[in-house]
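# Examination of the molecular architecture
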Amino acid sequence: MNDSKVTINLSVNGQDTTVRVPSRTLLSELLRDTLGLTGTHVGCDTSQCGVCTVWMDGLAVKSCTILAAQADQSAVVTVEGLARGITLHPVQRAFQAEHGLQCGFCTPGAMMLAAWYIQHHHETSETAIREALDGLICRCTGYENIVRSVQRALAFQQEDETPVAAGREEEVSS
Amino acid sequence: MSRKLWGENVARREDIRLVQGQGQFTDDRVLPGMLYAAILRSPHAHAKIRQIDVASAQKMPGVIKVYTGSMVSGHLGTIPTAWIPPDSQLKMVPHPPLAVDRVRYVGEAVALVVAQDPYQAEEALYRILVDYEPLPAISDPVQALESSSPRLHEEAPENVALHWKVGTDTDEVFSGADVVVRQTFRQQRLIPNPMEPRSALVQYNSATGDMTAWLTTQNPHIHRFLMSGILGIPEHKLRVIAQDVGGGFGSKIACYADEVLTAFAARDLMRPVKWTESRSEHFVATTHGRDHYDEVELAGTKAGRVLAVRVKTYANMGAYLSTAGPGVPTILFGLIVNGAYDIAQASAEVYGVFTNTTPVDAYRGAGRPEATFLIERIMDVYAREIGMDPVELRRINLIKKEQFPYTNPFGIVYDSGDYHQTLDLALKTLDYASLRQEREALRRQHKYMGVGFSTYVEMCGLGPSQVAGAVGFQGGLWESATIRLHPTGKATVLTGASPHGQGEETTFGQIVADRLGIPLEDIDVVHGDTDRVSMGWGTYGSRSTAVGGGALAKAADRIVEKAKIIAAHMLEVPVGAVQYDAGQFYPEGSRERAVGIQDVTLQAHLGWNLPEGVEPGMEVSAFYDPTNFTYPFGTHVAVVSVDPDTGEVKLLRYLAVDDCGPAINPMIVEGQVHGGVVQGVGQALYEGAVYDGDGQLVSGSFMDYAMPKARFFPRLETQRTETPSPHNPLGVKGVGETGTIASTPAVVNAVMDALSSFGVVNLDMPLTPPKVWQAIQTSMAKGGPS
Amino acid sequence: MIAAEIGYERAKTIEEALSLLSQDVDAKLLSGGHSLVPLMKLRLAQPSTLIDVSKIPELRTLDVESERITIGAGVRYFELLGDTRLEELMPVIAQATSVIADPQVRHRGTIGGAAVHADPTSDLAAVFLALEARFHIRSAAGRRIVPIEDWYLAPLTSALERDEMLVAVEFPRPIPRRQAYVKFSHPASGYALAGVAAIMDLTQHGLVQGAGIAVTGAATMPFRASTAEAWLQGRPLNAESVAMAAQVGADDGTYDADDGQYPAVYRKNLARVMLARALEKLAPQ
């Protein structure tokens with residue numbers, strides 16, 4: 001019964017995939033090493049920094065603290081799946097508009113957290129956003145422009161005729 | 001000249017790939033046949049290695065080879081230091097890439113495993129048997145000087161790595177002064193923690209002897225230079241590439257054993273090898289910052305005029321000398337301990353001390369935050385001693401506008417400034433008078449608010465190469481730029497700077513777009529590749545825009561110069577009659593006849609009809625060596641509250657007024673300030689590397705080492721004044737480090753202001769709740785607040 | 001930082017999980033994994049096989065009955081935050097859960113995981129103690145219920161036996177109406193340096209009735225501030241009674257000698273301060 005490999009069926013960025021990996025494989029490793037989706041980065045090994053944040057069934061989660069096997073039958077969205085074709089997600093546009101990134105290493109995680117936030121919360125206050133950003137360590141920006149990016153993303157989302165985030169929800173919860 | 005993009009908040013070009021997850025960080029890269037390396041690190045702070053048994057590790061599935069110190073020592077040079085401050089009696093102790101018979105800090109590399117996958121490499125580490133004989137260890141730099149302390153290196157019998165003195169004779173002033181204040185400060189050790197851990201991927205072609213190394217580095221050419229020597233690979237056969245680098249903060253300057261070993265294995269095995277550190281490794285294996293004990297004395301008058309300042313410092317160097325390590329607590333620190341003040345006499349004496357800790361090197365600001373902290377803190381101590389408002393004290397002593405260029409007591413020349421202007425702007429923005437009233441009102445309700453100032457100056461834009469040589473830096477500090485215009489008028493710009501978050505792909509594009517009249521989207525800025533960029537010294541010390549930008553401006557002017565000759569030929573007028581404006585060449589007074597730079601460039605490439613003596617093509621290089629450092633300055637103010645029940649410090653407001661010269665892209669400048677401020681506040685309130693008595697790093701993960709988080713901060717306020725530097729073609733001064741340099745003392749001064757009624761003059765950073773609470777308790781035991 | 005090799009099994013039912021668990025002494029149950037996976041990476045835990053119970057529907061139920069509220073062990077933190085019945089009947093659990101770690105962790109961590117991991121700084125530990133939670137346990141041999149006073153044995157050790165599984169946490173009703181959770185977090189880990197859950201009713205004359213007060217994080221083990229509860233019974237809640245209750249409540253804990261950065265004397269002070277702040281929140285405005 002100590003089978004060291006496991007078969008996983010999951011959807012990644014809308015694409016159904018079946019993989020067989022060692023059981024100890026982390027979701028972050030599955031994404032980066034097996035599927036070549038290197039947009040998701042890994043910044044720590046104690047589940048603190050949130051750089052590896054992706055969506056699993058519509059929820060922001062830390063992919064370094066989830067076994068790939070636990071993502072079986074799940075829909076995973078990574079930074080590579082945020083845009084719709086050539087249309088960037090409101091969060092992507094907002095991060096560029098508000099200079100919400102510098103080195104760009106934590107940015108995929110920051111954006112996945114922000115994208116989850118704007119989909120589920122409409123609170124634009126500094127305090128609420130800063131609380132939500134507790135799941136992220138960024139060493140470059142001092143968070144100031146990330147906060148502004150989230151506020152801007154909320155505005156972009158509202159401006160968009162068909163909110164991109166709402167469309168995504170259907171996709172990932174299927 | 002019209003300057004369309006100069007001063008505009010142009011959205012960053014690098015963001016286009018980074019927000020889509022299309023960046024290429026070193027660990028993202030995969031090569032066919034690639035192997036994975038893992039490094040076994042010493043669990044002991046100090047031990048003899050009796051024996052290393054790799055037999056069982058070697059037999060593990062997937063393991064290709066296990067290397068130990070004795071296996072590589074004959075084939076590899078030692079890890080060098082590249083900064084030898086003159087008159088410092090620097091002890092150049094050998095630093096082998098893999099320990100041979102002794103380890104001197106927790107995290108020192110002991111063995112290297114190369115395997116087919118990263119799991120196998122790490123599994124094998126658990127099977128290497130090292131027989132250690134633990135030795136007593138020492139982690140504190142002052143204790144390390146005691147005669148009973150363990151010794152690290154035969155070459156440094158007292159554990160003294162360097163002893164350096166600078167400045168004027170201050171004894172007379174001190175003995176005759178009305179007021180002398182003294183204070184000891186601890187500037188704790190910090191762990192840089194860029195979010196991207198270090199990584200190296202090395203490929204070797206045994207047929208041609210070419211090696212390519214993708215590295216997380218701030219200075220690929222320095223890495224090439226050093227690695228070529230250590231590995232014995234001719235420099236022209238070694239290509240170092242730093243594509244996207246996820247932050248550095250000084251920690252990616254040094255040449256580490258890790259990349260050297262990875263390269264060694266790639267050559268030995270003739271397969272690509274990748275090594276990536278984990279965050280846990282980063283905590284012990286990547287250079288640390290700060291770690292000073294400082295004794296500071298200030299002599300002044302009762303009326304608040306500072307007469308002299310004297311500093312004695314014990315700087316922890318760690319177990320070995322890192323690449324720039326010796327320059328940080330000496331040149332980058334001692335020469336500016338008078339800060340932004342007109343002080344006639346000043347001196348600094350520094351002991352660099354070996355301890356059983358991770359080597360210490362540059363960390364955002366590197367030496368200048370330490371110097372600024374001391375002068376800004378002792379100014380507040382002095383203000384309290386003579387009963388003067390710290391703002392008034394600063395106003396009296398700040399160097400005045402008309403004193404520039406100002407030669408400080410160490411002989412360095414501050415370029416330009418209006419220090420009082422930033423102070424006035426800060427006071428006005430904050431409404432300082434009502435802040436003080438609020439503070440008094442709160443105090444009556446037993447609530448404690450404090451306001452703290454830091455009127456800083458820093459020395460950056462490193463730097464004039466002649467000075468670099470004079471202060472023992474084993475390299476130049478000039479910068480290179482190449483502008484290559486393609487036949488269709490598109491531009492490739494090559495810079496020796498190596499940005500890793502600072503946004504120069506955009507700001508450098510803005511400079512070129514304006515000077516050459518080429519749209520920003522037609523310009524690619526290339527950096528971080530030693531095969532594409534001929535030479536450069538990298539990004540650190542707030543130098544890239546001041547020095548690299550200077551080279552770029554020079555190159556652009558040369559392009560215009562050459563294009564003008566061709567344009568004159570095309571327009572059939574003498575060169576002297578050609579006017580140039582934003583990419584358009586035209587005869588004086590006849591703008592309608594203008595030919596664009598794109599047309600001129602096409603003609604230059606076709607070569608069908610060039611003026612006599614003009615070579616075809618349109619590519620120029622320029623090398624810019626600044627004549628002086630630049631000196632950004634400003635006033636930072638922190639407003640804090642202290643909860644006397646828990647000792648918790650809350651940052652209520654933070655205002656940064658900076659002058660870094662003109663801002664090419666104010667949005668990017670502001671972003672640099674934000675990041676720097678938060679990092680500096682991290683030192684004041686949260687961060688601190690803690691070693692136990694055995695030399696074990698206790699704060700070895702994000703679970704224990706408190707990184708600043710978003711919810712710790714209020715909205716940051718920024719303001720700017722603009723005083724150009726006369727020393728470089730753009731007038732820019734640099735802004736990468738100002739926030740970190742200024743904010744630490746501003747916050748500590750604010751907390752001490754809040755605690756003043758408890759009689760607390762100084763507490764060691766980080767000002768954690770237990771420390772602050774304990775100080776209040778001690779005061780309460782003596783009768784409570786005054 | 002790579003976990004040792006492991007086996008992995010996905011259980012569809014509680015019975016299947018228990019059967020797998022009984023076959024392998026080194027197997028461990030996996031739900032959210034946010035305590036276990038980091039420990040495995042550090043090799044502080046090296047289970048032979050992980051039995052994933054996260055997809056067992058019975059563990060994800062939330063029943064509100066007149067006598068009790070029963071929450072399946074696999075209910076995740078964020079689900080505790082969004083439930084309107086809990087918001088009405090036991091808001092303290094939402095208050096405590098909303099300050100556990102960060103949003104990503106709250107999306108994965110489960111109430112059962114918090115109980116079983118028995119971390120002495122767990123926010124929910126204070127809620128379990130204050131509300132006198134009962135732990136529903138199953139094994140191949142049968143079922144048992146462990147009351148809260150028998151649950152926490154030592155730091156990181158609960159009463160759960162190796163072959164047992166926590167299936168639900170029960171909170172007996174009625175639950176006093178006034179509830180509060182306050183916390184002082186560790187700046188790095190986010191764990192509670194001191195967290196206080198307090199519940200009580202006030203009579204129409206404003207006298208305390210049936211207080212449940214517990215402290216997590218500060219002491220060696222999470223503890224019930226029984227002395228404070230007893231002292232407050234029948235007293236009005238005002239500045240003096242709060243201060244006194246906080247004082248005696250903090251004394252109910254046993255504090256480790258020292259942990260370097262946060263000495264025992266400081267943590268005890270924090271317990272007192274947080275006790276006072278929690279009680280202040282319950283006082284009539």
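Our subject is the structure listed above.
Below is a short write-up of the structure. (Residues numbered from 1 in each chain as written. Chains lettered and ligands numbered in written order. Predicted model: local features only at pLDDT ≥ 70, side-chain atom pairs only at ≥ 80, totals over all residues. Heavy atoms only, no water.)

## Quick look at the overall build of chain A
Our working rule: Here a strand is any run of E in DSSP of at least two residues, a helix any run of H or I of at least four, and the numbering for each starts at the N terminus. Two things to know: the radius of gyration comes from C-alpha atoms, and the globule rule equals 2.2 Å times the number of residues to the power 0.38. Relative accessibility under 20% of the residue-type maximum defines a buried residue, over 50% an exposed one, and the middle range a partly exposed one, all with a 1.4 Å probe and only protein chains included. Contacts are assigned to residue pairs with any non-hydrogen atoms lying within 4.5 Å of each other. With residues, only the protein chains shown are counted as cover, and all accessible areas are computed by Shrake-Rupley using a 1.4 Å probe. Residues scored as positive are Lys and Arg, those scored as negative are Asp and Glu, and His as well as the terminal groups of each chain are ignored. Just so you know, the charge point we use is NZ for Lys, CZ for Arg, CG for Asp and CD for Glu.
Along its length, chain A carries 6 helices and 5 strands. Each helix and strand of chain A, placed in order from N terminus to C terminus, yields the pattern β-β-α-β-β-β-α-α-α-α-α. The globule rule puts the C-alpha radius of gyration for 174 residues at 16 Å, and the 16 Å found for chain A is close to it. If you line up chain A on its principal axes, its C-alpha atoms span 50 × 35 × 25 Å. For chain A, buried positions account for 70% of its 174 residues. Long-range pairs, those at least 24 residues apart, make up 60% of the contacts in chain A with a sequence separation of at least 6. As displayed, chain A has an accessible area near 5,400 Å², and 46% of this comes from carbon and sulfur atoms. Chain A carries 12 positive and 20 negative side-chain charges, and their two centres are separated by 7 Å.

## Here's the deal with the sheet that holds strand E23 (residues 584-587) of chain B
Residues and elements named next belong to chain B. Rule in force here: Only strands joined by at least two bridges in the DSSP assignment are considered to pair. Where helices are involved, their axes are fitted lines through C-alpha atoms of the stretch in contact, as for all axes, and angles between N-to-C directions lie from 0 to 180°.
Across the sheet, which stays open at both edges, the 3 strands sit in the order E22-E23-E24 with antiparallel pairing between neighbours. Where the open sheet ends on each side, the last strands, each with one partner, are strand E22 (578-581) and strand E24 (595-596). Of the pairings in the sheet, the one linking E23 to E24 comprises 2 bridges and is antiparallel in character. When the sheet's bridge partners are listed, Gln 584 is paired in E24 with Gly 596. Set on the sheet, helix H16 (residues 544-571) makes contact with E22, E23 and E24; between it and E23 the angle comes to about 45°.

## Comments concerning the sheet that holds strand E25 (residues 619-624) of chain B
Residues and elements named next belong to chain B. In space, the 4 strands of this open sheet follow the order E21-E20-E19-E25, with mixed pairing throughout. Each edge of the open sheet is held by one strand with a lone partner, namely strand E21 (523-526) and E25. For this sheet, the mean inter-axis angle between neighbouring strands, taken without regard to orientation, is 15°. When strand E19 (residues 479-485) meets E25, the two strands line up antiparallel, connected through 6 bridges. Bridging from a neighbouring strand, Ile 483 pairs with Val 620 of E25. With respect to the sheet, helix H15 (residues 504-516) is in contact with E19, strand E20 (491-495) and E21, its orientation differing from that of E21 by roughly 135°. Sheet strands touched by H16: E19, E20 and E25. Its angle to E25, the strand with the most contacts, is close to 140°.

## Digging into the interface of chain C and chain A
Applicable threshold: Put simply, buried area is how much 1.4 Å-probe accessible surface two parts lose in total, over both of them, once they are put together. Whenever Lys or Arg places a side-chain nitrogen within 4 Å of a carboxyl oxygen from Asp or Glu, that contact is recorded as a salt bridge. Each polar contact in these results corresponds to two N or O atoms within 3.5 Å; when the atoms are within protein, one needs to be able to donate a hydrogen and the other to accept it, and residues that are neighboring in sequence are counted only if both atoms are side-chain atoms. Charged means Asp, Glu, Lys or Arg here, nonpolar means Ala, Val, Leu, Ile, Met, Phe, Trp, Tyr, Cys or Pro, and polar covers whatever is left, Gly included.
On the side of chain A, 31 residues touch chain C, which itself brings 38 residues to the contact. For the pair chain C and chain A, the two sides together bury roughly 2,800 Å², of which 57% comes from carbon and sulfur. Our enumeration of links across chain C and chain A arrives at 2 salt bridges. Between Arg 10 of chain C and Asp 72 of chain A there is a salt bridge, with its nearest N and O atoms 3.2 Å apart. Across the chain C-chain A interface, the total number found is 14 residue pairs in polar contact (both at pLDDT 80 or more). Here the side of chain C that touches chain A gets 5 residues from one element, more than from any other, and that element is helix H6 (residues 103-108) of chain C. Looking at the side of chain C that touches chain A residue by residue, the class counts come to 16 nonpolar, 11 polar and 11 charged.

Read these as layout, nothing more, since geometry by itself doesn't imply function.
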